[in-house]
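Tertiary structure, described
Read off the chains here:
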4 protein chains.
Amino acid sequence: MTTLGFIGLGNMGGPMAANLLKAGHTVKVFDLVPAALDNLAGLGAITCGSALDATVNVDVLISMLPASVHVETLYLGERGILPHIKGSTLVIDCSTIAPSSAQKVSAAAHERGITMLDAPVSGGVGGAVGGTLTFIVGGTSEGLARAQTLLEVMGENIFHAGAAGAGQVAKICNNMLLSVLMAGTAEALQLGVDNGLDPAVLSEIMRKSSGGNWALEVYNPYPGVMPGVPASKEYEGGFLVDLMIKDLGLAMEAALEKGAATPMGSLARNLYVNHGKAGFGRKDFSSIQAVFNKKPAE
Amino acid sequence: MTTLGFIGLGNMGGPMAANLLKAGHTVKVFDLVPAALDNLAGLGAITCGSALDATVNVDVLISMLPASVHVETLYLGERGILPHIKGSTLVIDCSTIAPSSAQKVSAAAHERGITMLDAPVSGGVGGAVGGTLTFIVGGTSEGLARAQTLLEVMGENIFHAGAAGAGQVAKICNNMLLSVLMAGTAEALQLGVDNGLDPAVLSEIMRKSSGGNWALEVYNPYPGVMPGVPASKEYEGGFLVDLMIKDLGLAMEAALEKGAATPMGSLARNLYVNHGKAGFGRKDFSSIQAVFNKKPAE
Amino acid sequence: MTTLGFIGLGNMGGPMAANLLKAGHTVKVFDLVPAALDNLAGLGAITCGSALDATVNVDVLISMLPASVHVETLYLGERGILPHIKGSTLVIDCSTIAPSSAQKVSAAAHERGITMLDAPVSGGVGGAVGGTLTFIVGGTSEGLARAQTLLEVMGENIFHAGAAGAGQVAKICNNMLLSVLMAGTAEALQLGVDNGLDPAVLSEIMRKSSGGNWALEVYNPYPGVMPGVPASKEYEGGFLVDLMIKDLGLAMEAALEKGAATPMGSLARNLYVNHGKAGFGRKDFSSIQAVFNKKPAE
Amino acid sequence: MTTLGFIGLGNMGGPMAANLLKAGHTVKVFDLVPAALDNLAGLGAITCGSALDATVNVDVLISMLPASVHVETLYLGERGILPHIKGSTLVIDCSTIAPSSAQKVSAAAHERGITMLDAPVSGGVGGAVGGTLTFIVGGTSEGLARAQTLLEVMGENIFHAGAAGAGQVAKICNNMLLSVLMAGTAEALQLGVDNGLDPAVLSEIMRKSSGGNWALEVYNPYPGVMPGVPASKEYEGGFLVDLMIKDLGLAMEAALEKGAATPMGSLARNLYVNHGKAGFGRKDFSSIQAVFNKKPAE
């Protein structure tokens, strides 16, 4: 069994830490929100009064924070914890942040002899609770080997994307492509419906043909076609439009930094931003379907 | 065994007719190109001197022509064959044309008591030769039941999309979505590569994640990632950019007719048209990758 | 003074015919809507019981109809009037329709020895009432010379775009560009406002700089910046979103026919269609600003 | 007469400093490139051995550098000059950089009691040489009042966009809109040409109509329509595609920071990046026309 520190106990971090506890590990937790700490304490976690406390005498330190600025502040800020982490501690940041941020923190860790992985996840709150997350990992193979067993407690699929920051790059590439698939699938379904097709029939034909993609397979955006998915629950739950906009922002930044062209992803971001402005920010991202199937005012 | 007429013996129609001959059917063929006729004659077909001749005493008539104008002219033109077709003949048009054209011809057939199906195919020349095409059929269930055995000679998957014209609608929706998947996959792969990822590693991660789609599964556009696909053969063969542009044109027409919005498909069409203008019209459509991975002139 | 026939007395045609009457011409009018006829009768027009009647013994025939299908039916339909028009009559169609439709009707007129012009207008209802329309004319110089005086009664600017159909082409190119200017101006203004600028100050800077365009000059889309324009009247009046969508549809058709790429115009069309679906179809087209300045739901 | 420091003597900064010398001011100059220093020395400038030297005993300090990173390093870096600048010195940064960078440096200056303006320019090398630049200024009115006479030596138009950083915001909004105008004008012209129009005739019609914009007025992108512009000189000179890509990158960053949607500007950026990748980076930005008027390979 391992002694871990876990910083960031939100919708994702909370259940991830809970799964580590259930697997028998010792987990020292910290979050700025007292209720989050209390919740984990009830599951057997050791609560800490500061992020720094959660780094003391642990073999592995995991962080799960909202954005680049939080991760950079935690590790590298004026009161950053990096100088206080022992060289033998494996650090795993599971936040989804800019690749350049991940590389910056990882390089600083490396300078101090600390092995650090960027390991953003996909699978949402359901995956965090069920321990079925996908981890997309950047860092050394040795680092990943040390992390493997712990990641398997929290997730089902673990991919090694490459060196430091590569986990972030792969995740934002995937999510940019996902936004394109979803918007493209939504407009194709509506084009078929507008031309008289049954959306379920068209979905099935495209799913088995060259239009086949993840959305048609397990996350159909058209209401009523697939039971259980957000589209059949008024787009509640799932992966929020606001979070897709965040990830698309990271993809755009990565494209700007490298001078890359991403016409489809850029358009998808703009469609999603406008969709959010129209009031759908807290709905599932498959609600982009609503952009296409609204009818003109009579 | 059935006696068929088959009009249009090009790259697709030729091997389709050949497969019907191999299966033991009697096939009366016509094409404006003598060499195409000779080729089928060598395989046992009965060659005809006109399209009209190919309609005489056949149980089923199949046509496979380039575009709406050819189909409308064949059936409804000044010398159109529709008035000469017996009411008991099943007519199957396998061309990819505008849904409105398909509906117009089908309605004219229906008025004369003739059952007509629109049955555009996907699978390309390879599928036509190997008898592994996908047929997407519009028309009545009764009509499709009559056609089923013959279509199975030429193809593996047969979908019933709905009433007359629905086969065309479903095909153009699928191909529009395909163009979006392909362009989106290409730019996501290049964004990853520009940020230091191995395209094969990124492809595998996205294939198994929510970015999964047909292109990553069987038709990866990045050179060298997947053996045997056009991307690994300098984009030779496959589904030509010019044909994708044609199908996207049909999708745009269908969107204009119904006042539908197709932002992703519209952008994909424009990317493909510019790609064609840059000299890639006769390359496989996965060559859209080249738009993204060209490097700036030094 | 000239004796004219005038077919189509809607929001545009009505005031255009009225201006011809005011100038002292004899005008025989027809419309399917009795109230429209009554209105013109009150101004001194001779009302006709059919379109055909309006063509008898006139020197010039003007039509102003909603779309291609109406123009083709009027002139070339089963009961079309073209065969009944005298060769000496100058025919001027002021409808905004597909260039291919304009060319088809014009060619049929030419075959019968009739000179025909396509002369779509811009300037809206205000321009029609005030006699300040812009006419963009396709056809021969001789034809235009014959029309000049009459067009000057109804409009201020008369452009000769080229041969038959060229008036339509020029108008749809202009209006496609206009949609791009307007959407681009709206998003640039909002980007400035989101970054703390005063929209009036930014408008003035861009108007005098390389971002200068018609919208900034006379039709600013940001509420409150320019007095009297639709943006300062809750986007009432002006040029309706639905009409812009119609014109963009004609532009897209013209692009599809010629295999042209119009990425900016295509995107503008999709933005406008979605804007229409969100309930803005009957608002002025500068209301596209609202797409950008809505704020996310809290 | 004023004693100034001038840091950054490139294609723009060099002639700007020269104009200040010609007007009789004393100018202490610095650049990392010795030849640039020599050139200005020949015109009467006092050359300095470091940026810091150029700040000693000057009333006004002007900087003209390539990008945000250079400006931040110059003023705020480890060896940054800001701590050494007297409180009475007026600092004017004429670089085009991120608004957030401009605000950061300006805030640091303000903390030290120094008045700083961001004053990015437009007008290109020609404007710098001729003293006809446009300055778009962010900062206090008092600061601008102190700068006015000097700016008028180098430019013709001086706009006050707002508080610190506002000059940068206004400039990138303008240039984003300019990219949209140019791409939209280019595709509209080609759509007309593809449909048989003369580009000069169409240009003139749109210029005087609602499609009117700066490009049609003074910078027509179609070869041969307007004498003297880059389009009539094989797109040599002018405003380089690479520089437009840089400015569009700044606009995209500003949009990402504020969650703004810029669909037209985003698409224009992607078109320009692909255009640059196709080898046009060092051509004038009106060469985007070439994307549209290339013909398909035969």
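This text gives an overview of the structure that appears in the document. Everything quoted here is computed from the prediction, not taken from an experiment. All residue numbers here refer to positions counted from 1 along the written sequence of the relevant chain. Chain letters and ligand numbers both follow the written order, the letters beginning at A and the numbers at 1. In view of the model being predicted, local features appear only for residues whose pLDDT reaches at least 70, and side-chain atom pairs are presented and counted only at 80 or more, with totals across whole chains, interfaces and linings using the full set of residues. As a convention, hydrogens and water are excluded, and side-chain values are obtained from all of the structure's heavy atoms.

Turning to the overall build of chain A, a few remarks are in order. Working definition: helices are DSSP H or I runs of at least four residues, strands are E runs of at least two. Numbering for both runs from the N terminus. What chain A contains, in helices and strands, is 12 helices and 9 strands. With C-alpha atoms as the basis for the radius of gyration, the globule rule is written as 2.2 Å multiplied by the number of residues raised to the power 0.38. Its C-alpha atoms give chain A a radius of gyration of 21 Å, near enough to 19 Å, the size a compact globule of 298 residues would have. Seen along its three principal axes, the alpha-carbon backbone of chain A occupies a region of about 65 × 45 × 35 Å. Each residue is placed in one exposure class: buried if its accessible area under a 1.4 Å probe, protein chains only, is under 20% of its type's maximum, exposed if it is over 50%, and partly exposed if it falls in between. Relative to its 298 residues, chain A shows a buried fraction of 62%. The contacts in chain A between residues at least 6 apart in sequence include a share of 62% that link residues at least 24 apart. For every accessible area listed, the method is Shrake-Rupley and the probe measures 1.4 Å; residues are considered covered only by the protein chains on display. As displayed, chain A has an accessible area near 10,600 Å², and 54% of this comes from carbon and sulfur atoms. Averaging the locations of the 19 positively and 25 negatively charged side chains of chain A gives two centres separated by 2 Å. Whether two residues touch is decided by their heavy atoms; if any such pair falls within 4.5 Å, the residues are in contact. Charged-residue counts in this description rest on Lys and Arg as positive and Asp and Glu as negative, His and the chain ends being excluded. By convention, the point assigned to a charge is CZ for Arg, NZ for Lys, CD for Glu and CG for Asp.

So, on to the interface of chain A and chain B. On the side of chain B, 52 residues touch chain A, which itself brings 52 residues to the contact. Across the chain A/chain B interface, buried area totals approximately 4,500 Å², and carbon plus sulfur atoms make up 73% of it. Counting the surface chain A buries against chain B, the share from its top three residues, Leu191(A), Ser210(A) and Met264(A), is 16%. We define a salt bridge as a side-chain nitrogen of Lys or Arg found within 4 Å of a carboxyl oxygen belonging to Asp or Glu. Taken together, the links from chain A to chain B amount to 0 salt bridges. Polar contacts, as counted here, are pairs of nitrogen or oxygen atoms within 3.5 Å of one another; within protein the pair requires one atom able to donate a hydrogen and one able to accept it, and residues that are adjacent in sequence qualify only if both atoms are side-chain atoms. Connecting chain A to chain B are 10 residue pairs in polar contact (both at pLDDT 80 or more). For the side of chain A that touches chain B, the element with the highest residue contribution is helix H7 (residues 166–194) of chain A, accounting for 19 residues. Amino acids are sorted into nonpolar (Ala, Val, Leu, Ile, Met, Phe, Trp, Tyr, Cys and Pro), charged (Asp, Glu, Lys and Arg) and polar (every other residue, Gly among them). For the side of chain A that touches chain B, the residue count by class is 33 nonpolar, 15 polar and 4 charged. Summed over both partners, the accessible area (1.4 Å probe) lost when two parts come together is defined as the buried area.

Residues and elements named next belong to chain D. Enumeration over the complete set of coordinates arrives at 20 salt bridges over all chains. The partner of Glu204 in a salt bridge is Arg207, and the shortest N-O contact between them spans 3.0 Å. With Glu204 and Arg207 both in helix H8 (residues 199–207) and 3 residues apart, the pair spans about one turn of that helix. Judged by its relative accessible area of 31%, Glu204 falls in the partly exposed class.

Looking now at unusual backbone geometry. Note: most peptide bonds trans; most residues except glycine with negative phi. The phi angle at Asn57(B) is positive, at roughly 55°, despite the residue not being glycine. By the secondary structure assignment, Asn57(B) is in the loop between strand E3 (46–47) and strand E4 (60–63). We note that Tyr235(D) has phi near 60°; this positive angle belongs to a residue other than glycine. Relative to the helices and strands, Tyr235(D) is located in the loop between helix H9 (214–218) and helix H10 (241–258). Given a relative accessible area of 9%, Tyr235(D) falls into the buried group.

Only centres within 6.5 Å qualify two rings of Phe, Tyr or Trp (six-membered ring in Trp) as a pair; their planes then separate them into stacked at under 30 degrees, edge-to-face at over 60, and tilted for everything else. Applying the stated criterion across every chain yields a total of 16 aromatic pairs over all chains. Both rings, one in Phe239(C) and one in Phe285(C), keep their centres 5.5 Å apart while their planes meet at 70°; by these two values the pair is edge-to-face. One end of the pair, Phe239(C), is in the loop between helix H9 (214–218) and helix H10 (241–258); the other, Phe285(C), is in the loop between helix H11 (263–280) and helix H12 (289–293), and 46 residues separate them in sequence. Three or more aromatic residues joined by ring pairs form one cluster here, namely Trp214(A), Tyr219(A), Phe239(A), Tyr272(A) and Phe285(A).

Excluding any residue in a salt bridge, patches collect residues exceeding 30% relative accessible area, merging like charges within 9 Å and nonpolar Val, Leu, Ile, Met, Phe, Trp and Tyr side chains within 5 Å. A grouping of Glu253(A), Glu257(A), Glu253(D) and Glu257(D) is seen on the molecular surface, where their side chains present a negatively charged patch. On the secondary structure map, Glu257(D) appears in helix H10.

Residues and elements named next belong to chain B. Examined against the element boundaries, Ser286 turns out to sit in the loop between helix H11 (263–280) and helix H12 (289–293). A polar side-chain atom of Ser286 sits 2.5 Å from a polar atom in the side chain of Asp284. Those residues in contact with Ser286 that lie beyond four places of it in its chain are Met182, Tyr219, Pro221, Pro230, Ala231 and Tyr235.

Below, the discussion takes up the pairing of strand E5 (residues 90–93) of chain D. Residue and element names in this part refer to chain D. A two-sided burial pattern is seen for E5, the buried positions comprising Leu90 and Ile92 on one face and Val91 and Asp93 on the other. At least two bridges found by DSSP between two strands are what make those strands a pair. Summarising the sheet, strand E4 (residues 60–63) and E5 pair through 4 bridges and their orientation is parallel. Considered in E5, the bridge of Ser63 is made with Asp93. Consider the strands pointing away from the viewer: the crossover is right-handed when the path from the first strand over the helix to the second runs clockwise. Of the crossover connections in this fold, the one passing from E4 over helix H3 (residues 68–76) to the parallel E5 is right-handed. Across 4 bridges, the pairing between E5 and strand E6 (residues 115–118) is parallel.

What follows covers the relation of the copies chain A and chain B. We superpose the copies by least squares over the C-alpha atoms of residues that have a pLDDT of at least 70 in both of them. When chain A is brought onto chain B, the operation consists of a screw motion whose angular component is 180° and whose axial shift is 0.0 Å, with 0.0 Å RMSD remaining. Such a combination of turn and shift is consistent with a two-fold rotation axis. Relative to the rotation axis, the C-alpha of Asn213(A) is the closest in chain A, positioned 1.9 Å from it.

Once that is clear, we can look at the packing of helix H7 (residues 166–194) of chain B against helix H8 (residues 199–207) of chain B. Residue and element names in this part refer to chain B. In this analysis an axis means a line fitted to C-alpha atoms, helices contributing only their contacting stretch, and an angle means the value between N-to-C directions, from 0 to 180 degrees. In contact at an axis separation of 9 Å, H7 and H8 are set at 130° when each is read in the N-to-C sense. On the basis of their axis angle, the class for H7 and H8 is oblique. The hand of the H7/H8 crossing is right-handed. Within the contact between the two elements, H7 uses Ala188, Leu189, Gly192 and Val193 and H8 uses Pro199, Leu202, Ser203 and Met206. Any angle that falls under 35 degrees is termed roughly parallel, while one over 145 is termed roughly antiparallel, one within 65 to 115 roughly perpendicular, and all others oblique. When the near helix sits turned anticlockwise from the far one by under a right angle, the crossing is termed left-handed; a clockwise turn instead gives a right-handed crossing.

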